[in-house]
Amino acid sequence: MKQLSFSDAEYAGKRKRNRREVFLAEMDRVVPWARLVSLIEPVYPKPGNGRRPYPLETMLRIHFMQQWFSLSDPAMEEALYDIASMRRFAGLSLARGSVPDETTILNFRHLLEKHRLAEQLLAQVNTLLSERGLLLRQGTIVDATIISAPSSTKNQSGARDPEMHQTKKGNEWHFGMKAHIGVDADSGLVHTVTGTPANAHDITQAHALLHGQESEVFGDSGYTGVEKREENRGCSARWNVAMKPGRRRALPASKLGTLIGEFEHVKARIRAKVEHPFRVLKRQFGYSKVRYRGLVKNTAQIITLFALSNLWMARHQLAMTAVEVRP
């Protein structure tokens, strides 16, 4: 019997693409690689007397795959050896070169954290979205979600992360941090992100989630009284905060009560857009628990995830517009 050849190229050309390959192909088309590479390039190691660094775009692609598939540094290294589609996306080949080890992947992440580049990555992505007419600035929706952290003390330090705290939501206690976001009210895309311990009240971060150009701000009933806080008194935007459930249930069965109820329903429909980025993080990207210790590292990862979620949510609109030309 004639022996068959199963090289990556032949196999990829004769079979149906899986969901991972489709996803990577879509993101490859919409991520503004040239802009992001030029942002990191000034601080990226240059070839010298030591080991030649991997190409910057290769490391950035690996870093993004870590976020998309929720992989640790060792798991990312193993995936590059095991999965041909990931190697192709990163521009690597086992036949022509080596694969970055977990320490190299770790060092690249630390480089981004050291120079606070996650915020700049989000800004660059949002600049692209604004240029394509996808990110408007007339209204902002504010909200927060709890990201759990390991509560076990079975670790090297014998203690829980001191920068994480517990909070009660409903009848359940949660230990971890909060991701606070400001979302464009028209497109549902994230423009601002902050991270705090889980016990920080949502209302304390409301002012930090505004870009200053909005005329309307929407929030759930947890933001009641936000316009009276000292840091928000100079805000020119109108706050549209949901009525507390108890007050809404007590509305009179009159024409006025009906009108108020309808207005609350309109506000709720607008606020619903803020849940979409949270769904992408927790369901699409599988991010449900912090990976690192400390707020700085985890907040940097969350900001990167929201930058990538913006591209994912707008991928179809971006694909229909002009593809960025590489230098």
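Everything that follows concerns the structure shown earlier in this document.
Treat the numbers as computed from the prediction; the structure is a model and nothing was measured. (Residues numbered from 1 in each chain as written. Predicted model: local features only at pLDDT ≥ 70, side-chain atom pairs only at ≥ 80, totals over all residues. Heavy atoms only, no water.)

A. Broad picture of helix α12 (residues 295–313). Here α12 contains 19 residues, and its C-alpha end-to-end distance of 26 Å stays within 8% of the 27 Å for a straight helix at 1.5 Å per residue. Counting buried residues along α12, 16 of its 19 residues qualify, which places the element largely inside the surrounding structure. (Helix = DSSP H or I, 4+ residues; strand = E, 2+ residues; numbered from the N terminus. Expected span 1.5 Å × (residues − 1). Buried < 20%, exposed > 50% of the residue type's maximum accessible area, 1.4 Å probe, protein only.)

B. Region of interest: the packing of helix α5 (residues 73–82) against helix α7 (residues 102–114). Taken N-terminus to C-terminus, the directions of α5 and α7 make an angle of 125°; their axes are 8 Å apart at the nearest point. In this view, α5 runs oblique relative to α7, as classed from their interaxial angle. Once α5 is placed against α7, the crossing between them reads as right-handed. When α5 is examined against α7, the residues Asp73, Pro74, Met76 and Glu77 are found in contact with a partner set consisting of Glu102, Ile105, Leu106 and Arg109. When the residues that make up the contact of α5 with α7 are grouped by side-chain class, the tally is four nonpolar, no polar and four charged. (Axes fitted to C-alpha atoms, helices over the stretch in contact; angles between N-to-C directions. Parallel < 35°, antiparallel > 145°, perpendicular 65-115°, else oblique. Left-handed = near helix turned anticlockwise from the far one by under 90°. Contact = heavy atoms within 4.5 Å. Nonpolar A, V, L, I, M, F, W, Y, C, P; charged D, E, K, R; others polar.)

C. Expanded view of the nonpolar core. Residues Ile62, Met65, Trp68, Met76, Phe306 and Leu311 are the most contacted members of the largest nonpolar core, which totals 74 residues. Here this core takes 10 residues from α12, the largest share from any one element. Ignoring sequence-local partners within four residues, the contact set of Phe306 consists of Leu122, Ala179, Ile181, Val190, Val193, Pro277, Phe278 and Leu281. Counting residues in hydrophobic clusters, the runner-up holds 11 residues, among them Ala206, Val217, Trp239 and Val241. (Core = buried A, V, L, I, M, F, W, Y, C linked by side-chain atoms within 4.5 Å.)

D. Just the packing of aromatic side chains, in detail. This structure, assessed with the given rule, holds nine aromatic pairs. Each ring, one from Trp33 and one from Phe89, has its centre 5.9 Å from the other, and the planes form 65°; the classification is edge-to-face. Taken as a pair, Trp33 in helix α3 (residues 33–40) and Phe89 in helix α6 (residues 84–90) lie far apart in primary sequence, 56 residues in all. Overall, Trp33 belongs to the buried group, its relative accessible area being 3%. The exposure class assigned to Phe89 is buried, which follows from its relative accessible area of 7%. When the ring centre of Trp33 is taken as reference, the NZ or CZ atom of Arg61 above it lies at 4.1 Å. Sitting above the plane of the Phe89 ring, Arg61 keeps its charged end 4.8 Å from the centroid. (Phe/Tyr/Trp six-rings, centres within 6.5 Å; stacked < 30°, edge-to-face > 60°. Lys NZ or Arg CZ within 6 Å of the ring centre and 35° of its normal.)

E. Fine view of empty space enclosed by the protein. The tally for this structure, following the rule as stated, stands at two cavities of 30 Å³ or more. Roughly 90 Å³ of internal volume is contained in the largest cavity. What lines the largest cavity is His63, Gln67, Arg109, Leu112, Glu113, Ala118, Tyr292, Lys297, Ala300, Gln301 and Thr304. At the level of secondary structure, the elements contributing two or more residues to the lining of the largest cavity comprise α4 (56–69), α7 and α12. Broken down by element, the residue count for the lining of the largest cavity peaks at four residues, all from α12. Of the residues that constitute the lining of the largest cavity, the class distribution is four nonpolar, four polar and three charged. Reported here for the second largest cavity is a volume of approximately 40 Å³. (1 Å grid on protein atoms, 1.4 Å probe; cavity = no way out; pocket = protein on both sides within 12 Å on 5 of 7 lines; lining within 4 Å. Points joined across faces, edges and corners; volume = space filled by probe spheres on them.)

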